[in-house]
Structures are given as structure tokens and as C-alpha cells.
Amino acid sequence: MSSSAPAVASSRPVRVLLVEDDELMRRSFTVALERYGYEMKAAADGLTGLELFRDESFDLLILDVMLPGLDGIGLCRRVRETSLVPVLMMSARGDGLDVVAGLEAGADDYVVKPVDTYVLVARIRSLLRRATYAPAPGPGRAADEGPPSEGEVLEFGDLRIDTAGMEVCVSGSPVALTPTELKLLLEFAAHPGVVRERHTLLRNVWEYGWDGDSRVVDLCVQRLRRKLGRERIETVRGFGYKLRR
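Residues numbered from 1 in each chain as written. Predicted model: local features only at pLDDT ≥ 70, side-chain atom pairs only at ≥ 80, totals over all residues. Heavy atoms only, no water.

### So, the sheet that holds strand β12 (residues 240-243)
Strand pairs in the sheet, formed through backbone hydrogen bonds, run parallel or antiparallel to each other. The strand order β10-β12-β11 describes an open sheet built from three strands, whose pairing is antiparallel. Unpaired on one side and paired on the other, β10 (196-197) and β11 (233-236) mark the two borders of the sheet. In this sheet, β12 lies alongside β11 in antiparallel orientation, the contact comprising four bridges. In the sheet register, I233 faces β12, and the bridge partner there is L243. Across the sheet, helix α6 (residues 179-189) is in contact with β10, β11 and β12; its angle to β12 comes to roughly 75°. (Pairing = 2+ DSSP bridges. Helix = DSSP H or I, 4+ residues; strand = E, 2+ residues; numbered from the N terminus. Contact = heavy atoms within 4.5 Å. Axes fitted to C-alpha atoms, helices over the stretch in contact; angles between N-to-C directions.)

### A word on the sheet that holds strand β4 (residues 87-91)
Spatially, the five strands line up as an open sheet ordered β2-β1-β3-β4-β5, and their pairing is parallel. Either end of the sheet is taken by a strand with one partner, and the two such strands are β2 (39-43) and β5 (109-112). Taking the axes of each pair of neighbouring strands and ignoring which way they run, one obtains an average angle of 20° across the sheet. Bridge analysis of strand β1 (residues 15-19) against strand β3 (residues 60-64) gives four bridges, and the strand direction is parallel. Bridge assignment links L17 to a residue of β3, and that residue is L61. Sheet contacts for helix α2 (residues 46-55): β1, β2 and β3; angle to β1, the most-contacted strand, approximately 160°.

### Digging into the nonpolar core
In this structure, L61, M89, L159, I161, V168, L184 and W206 are the most contacted members of the largest nonpolar core, which totals 55 residues. With seven residues, helix α8 (residues 215-228) is the single largest residue contributor to this core. Judged by nonpolar contacts, the second largest core, of 18 residues, contains Y38, L88, M90 and V121. (Core = buried A, V, L, I, M, F, W, Y, C linked by side-chain atoms within 4.5 Å. Buried < 20%, exposed > 50% of the residue type's maximum accessible area, 1.4 Å probe, protein only.)

### Some points on unusual backbone geometry
Here the residue pair K113 and P114 is connected by a cis peptide bond, since its omega of 0° sits within 30 degrees of zero. The topology assignment puts P114 in the loop between β5 and α5 (117-131). Phi at M166 is positive, roughly 50°, even though this residue is not glycine. By the secondary structure assignment, M166 is in the loop between β7 (159-162) and β8 (167-170). Classification of M166 as buried rests on a relative accessible area of 17%. In this structure, E207 takes a positive phi of about 60° despite not being glycine. Looking at the secondary structure, you find E207 in the loop between α7 (198-204) and α8. With relative accessibility at 26%, the residue E207 sits in the partly exposed group.

Right, dumping it as C-alpha cells:
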């Protein structure tokens, strides 16, 4: 699996795969997103969605949790076996277990149905920005001094972050991160040893303009820990997280 995020070409429409079993919602979402300029493909079940994903190239996936055959969570796991493409999960109930399971499977974000089109488009745009993300300021650099210079490498013990190639290595071995995981890590790396509160991470990484669900932060941190080492990111109870120097 490549550790680089999928690039979205500016010369063509963004290709979105929607997997939704409700025919009315599937048609409604497809028509609405096509009006915003997205090139849509849709599937009514998880297995068909998986076949489309394997046969074609997509810039973003929108997966309903409750699907016949292969559900959205299982589909997300299968996608993550080979791809870092941004994934947005949809849950009809906003059920806590659905949300947690989807994020643990590798989804980048989620929305609860029914969802307004403008909210859905905002989440899509945020995910696509992460897929073509420019690095945040590095350690020792003031926030207004701009991003790290081209080719800058950040090192924290055996953790190495190449901000030009957007590559991450631990003990010399490359680590594949999703766009959201990478942006979260760069947010920590820009402020090593400094506590980053959950609401700050929601704003800077997920681009929530309101107090969002902090579970997306907690579960993405858990995924980073599994990939980078459990001691790499420290929990500061009652506040948030910090990257150990």
C-alpha cells in the first residue's frame, strides 16, 4: 500500500463512489452532488461497490453503514487493505457503535442521515483538501512563518517525517497513513511536546467550524498509535494529546 495520498487532478472532475442501498437517497445524493460538479458512480450494495472500487479510480468514497451483503464497515476495511482514498461514512441512526466501528475500520469522517447537501459537500471538500494537504509549520517555527521549506525532514526519535515527499518512517520502515492520519500527525509535529486540545484538532484537521464529535479525534489517534507506536502520542487527561519529542 502506498503511503502517499491520492492526488486529485484539477483538469478533471472529482470522481466519487457512493454506496447506498436506499434507492431514493442514492438518486438524491447523486443528482445533488453532480450539480456541484462531482462525477458520480453509485452502487446499491457493498459487494457491487467493492467491484466498482477495484475496477475504476475514485478520489473519494461515501459509504452507508447499513448495506446488504457486505456492510459499509466491512467495505471500508477491504478498501483500506489496498488504498488510502478518503472515506466518508454515513449512518442513519448516528449510533455510537456504528460511528466507532466505521472510524476504527479506517474511515476519515462521518455524517448522520438525513444530511443537508451543503453539509455533505462541506465534508467532501474538507476530505479532498486533506488528500492534497500542504504541511503545517514545523517544530521551532512560528505559526505565521509558513510551512516547512521544501525537503524539510522532521525527526522525533525513530519517527521520521519527510514533509516534501509526505512520507513517514518508523525505524527506517515506511508507514502508510491516510490523508487524515497524516494531517493529524503533521499537526502534532508542528507543536511537539505541546498539548493539542480536541476542539483545536477538530478545527485544524477536520475543519469543523463548530464543536464536533471528539470521537473522530480519539479514534484517529488510536489508529496513529497502532501504526507509529503506542507511546508516541501521549494522552493528557482532560485536555487532549501531545507528540512526545
